[in-house]
Amino acid sequence: MKFCSLSSGSRGNCQYLETKYMKVLIDAGLSARKIEHFLDHIGVHPSQIDYIFVTHEHMDHIQGVGPLSRRYNIPIVASFGTWMAMEKIVGKIPDENRCVFSPGEECSLGDLDFMPFHIYHDAVDPVGFAFYHEKKKAIVLTDSGIVTPEMKKIICRADLYLIEANHDPLMLEKGPYPRQLKQRIASDYGHLSNEISGKVLSEVLKGEREVILLGHLSEENNIPKVALNTVARYLTNRGLDIRKDLRIGCARVEHPSPLIALE
């Protein structure tokens, strides 16, 4: 299994996952042209993409979904609720390219198995994804205000995590956002803070050289160094050596991460 965060942040989110026979995107929240450019950066042509998975209907996750699907005849995979919420935004999609899953049910497409699981965000039917291939497991979890014990059971023992570390609570509180928006971000249906992300990771990681990409960092309410230091503090307190036991970094919105091979 190979994974790349093409872009992750408030301006757009798009992840790439590859198995022996499959190449998929998880969300396409940038313009189709920018996603094409980022795919070229890792040597992938958009016509090679087999499916686009959608976590929820917010524009920073679906901006390029419709154009890419129509341009390259790519099926779109989403829950029924998300389909209903994003239908007018993504535009006309042929029936054969409309794939529907039910959160909580394990599914397979080609040689890729996946579990869409319920998350807590102010969207109609938002999900995170656990992907499985040849004994490897990758988690995509952003846009959730909380992580429940049930979610932790699903995401534990993974080899790679793209997990949200959206904001530093103090920076959010002192930042320029209106009070209502601050309350929404910090709510149970908003976004994960650095602290929550660090706490969750400290509870699910084994220290077996897992890859952690901190994603969806706010450009106004976070700094990569702050996110990394906060998460590292939780992991160190758990007894993990972040240099020896793990591989950790921040996914950026302006350029792709390296293409990471899980072997």
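The structure reproduced in this document is the subject of the present report. A quick note: this is a predicted structure, and the numbers were derived from the prediction, not measured.

We now examine the sheet that holds strand β6 (residues 98-101). Pairing between the strands of a sheet is mediated by backbone hydrogen bonds and can be parallel or antiparallel. Strand order in the open sheet formed by seven strands is β6-β5-β4-β3-β2-β1-β14, and the pairing between neighbours is mixed. Two strands bound the open sheet, and with one partner strand each, they are β6 and β14 (260-261). Bridge count for strand β1 (residues 2-7) against strand β2 (residues 14-18) is five bridges, and the pairing is antiparallel. Considered in β2, the bridge of Ser7 is made with Cys14. The sheet contacts of helix α1 (residues 32-41) involve β1, β2 and β3 (23-26), and relative to β1 the element is tilted by about 140°. Taken strand by strand, helix α4 (residues 80-90) contacts β5 (76-79) and β6, and its axis lies near 110° from that of β5.

Tallied over the entire structure, the rule returns nine aromatic pairs. Their ring planes at 40° and their centres at 6.4 Å tell us that Phe114 and Phe131 sit as a pair that is tilted. Here Phe114 is found in strand β8 (residues 112-118), whereas its partner Phe131 is found in strand β9 (residues 127-133), with 17 residues between them in sequence. Overall, Phe131 belongs to the buried group, its relative accessible area being 0%. Grouping aromatic residues by their ring pairs yields a cluster made of Phe53, Phe101, Phe114, Phe129 and Phe131. The residue whose ring lies beneath Arg98 is Trp83, and the NZ or CZ to ring-centre distance is 4.4 Å.

A few words now on the sheet that holds β8. With respect to topology, seven strands assemble into an open sheet ordered β7-β8-β9-β10-β11-β12-β13, the strand pairing being mixed. The two strands at the open ends of the sheet, each matched to only one other strand, are β7 (107-109) and β13 (246-250). Ignoring strand direction, the axes of neighbouring strands in this sheet form an average angle of 20°. Direction of pairing for strand β12 (residues 210-215) relative to β13: parallel, over a ladder of five bridges. Within the sheet, the bridge partner assigned to Glu210 lies in β13 and is Leu246. Together, β11 (160-164) and β12 form the strand contacts of helix α8 (residues 194-204), whose direction differs from that of β11 by roughly 155°. In the packing of helix α9 (residues 224-237) onto the sheet, contacts are made with β12 and β13, and the angle to β13 comes to roughly 150°.

As a further point, take the pattern of salt bridges. A full pass over the atoms with the stated rule returns nine salt bridges. With a shortest N-O distance of 2.8 Å, Arg71 and Glu36 are connected by a salt bridge. Taken together, the residues span a long stretch of sequence, with Arg71 in helix α3 (residues 65-72) and Glu36 in helix α1 at a distance of 35 residues. The class of Arg71 is partly exposed, set by a relative accessible area of 48%. The buried category is assigned to Glu36, whose relative accessible area is 18%. The residue Arg252 makes a salt bridge to Glu254 at a minimum N-O spacing of 4.0 Å. Given a relative accessible area of 33%, Arg252 falls into the partly exposed group. You can call Glu254 partly exposed: its relative accessible area is 44%. Each member of the salt-bridge network shares a partner with another, and the members are Lys152, Lys199 and Glu203.

This part is about the nonpolar core. Counting residues in each nonpolar core, the largest one holds 27 residues, and the members touching the most others are Leu141, Ile155, Tyr161, Ile163, Leu201, Leu205 and Leu214. Listed in part, the 26 residues of the second largest apolar core include Leu30, Val65, Met86 and Val90.

Taken together, the side chains of Phe80, Met84 and Val100 present a nonpolar region at the surface, about 310 Å² in accessible area. The topology assignment puts Met84 in helix α4. When its relative accessible area of 42% is taken as the criterion, Met84 is described as partly exposed.

Before going further, it helps to spend a moment on the packing of α1 against α3. When two helices pack together, you describe them by how their axes are tilted relative to each other and by the distance separating the axes. Where α1 contacts α3, the two axes come as close as 9 Å, and the packing angle between them is 70°. Taken together, the axis directions place α1 and α3 in an arrangement best described as roughly perpendicular. Counting all contacts with α1, which are made through Ala32, Ile35 and Glu36, the residues of α3 involved are Pro67, Leu68, Arg71 and Tyr72. Looking at the contact of α1 with α3 residue by residue, the class counts come to five nonpolar, no polar and two charged.

Conventions we followed
Residues numbered from 1 in each chain as written. Predicted model: local features only at pLDDT ≥ 70, side-chain atom pairs only at ≥ 80, totals over all residues. Heavy atoms only, no water. Pairing = 2+ DSSP bridges. Helix = DSSP H or I, 4+ residues; strand = E, 2+ residues; numbered from the N terminus. Contact = heavy atoms within 4.5 Å. Axes fitted to C-alpha atoms, helices over the stretch in contact; angles between N-to-C directions. Phe/Tyr/Trp six-rings, centres within 6.5 Å; stacked < 30°, edge-to-face > 60°. Buried < 20%, exposed > 50% of the residue type's maximum accessible area, 1.4 Å probe, protein only. Lys NZ or Arg CZ within 6 Å of the ring centre and 35° of its normal. Salt bridge = Lys/Arg side-chain N within 4 Å of Asp/Glu carboxyl O. Core = buried A, V, L, I, M, F, W, Y, C linked by side-chain atoms within 4.5 Å. Patch = residues over 30% accessible without salt bridge, like charges linked within 9 Å, V, L, I, M, F, W, Y side chains within 5 Å. Areas by Shrake-Rupley, 256 points an atom, 1.4 Å probe, with all protein chains shown as cover. Parallel < 35°, antiparallel > 145°, perpendicular 65-115°, else oblique. Nonpolar A, V, L, I, M, F, W, Y, C, P; charged D, E, K, R; others polar.

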